[in-house]
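Take a look at the letters that make up each chain.
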Amino acid sequence: MADKTMLVMAGKKMPVAKAVKRTLQVACAVGITAVVALALMLSSGLLQAKGSYLQAWSIWLSFINRPDIQATMVLTAVVTVLFVYWQRDQERGGR
């Protein structure tokens, strides 16, 4: 049986496997990164003389669909989640 942990979403607690929780955390981090990139591109597009939401949206879509960008976002999220768990385990005294 896999180690279980608590996943808190929308105020509800659910017992899930650690791997599932970490996968969801990585997915959330990638999603937040994509939204932040969209916000930056939208605000940048509006500061340009001929910028528009539609133009910024199409630029963001072409940017976010690049495999190297997706790989970088996922790799960064995975490393960050694993580092946070490793650091927390070290503070508790390790296993």
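Residues numbered from 1 in each chain as written. Predicted model: local features only at pLDDT ≥ 70, side-chain atom pairs only at ≥ 80, totals over all residues. Heavy atoms only, no water.

A. Representation of a nonpolar patch on the surface within the structure. Taken together, the side chains of Met 9, Met 14, Val 20 and Leu 24 present a nonpolar region at the surface, about 310 Å² in accessible area. Residue position: Leu 24 is located in helix H1 (residues 18–47). (Patch = residues over 30% accessible without salt bridge, like charges linked within 9 Å, V, L, I, M, F, W, Y side chains within 5 Å. Areas by Shrake-Rupley, 256 points an atom, 1.4 Å probe, with all protein chains shown as cover. Salt bridge = Lys/Arg side-chain N within 4 Å of Asp/Glu carboxyl O. Helix = DSSP H or I, 4+ residues; strand = E, 2+ residues; numbered from the N terminus.)

B. Fine view of the packing of H1 against helix H2 (residues 53–64). The contact between H1 and H2 brings their axes to 9 Å, and the two run at 140°. Classed by the angle they form, the pair H1 and H2 counts as oblique. Pair H1 / H2 crosses with right-handed handedness. Between H1 and H2, the contacting residues are Ala 34, Ala 37, Leu 38, Met 41, Leu 42 and Leu 46 on the first element and Tyr 53, Ala 56, Trp 57, Ile 59, Trp 60, Phe 63 and Ile 64 on the second. When its residues are assigned to classes, the contact of H1 with H2 shows 13 nonpolar, no polar and no charged. (Axes fitted to C-alpha atoms, helices over the stretch in contact; angles between N-to-C directions. Parallel < 35°, antiparallel > 145°, perpendicular 65-115°, else oblique. Left-handed = near helix turned anticlockwise from the far one by under 90°. Contact = heavy atoms within 4.5 Å. Nonpolar A, V, L, I, M, F, W, Y, C, P; charged D, E, K, R; others polar.)

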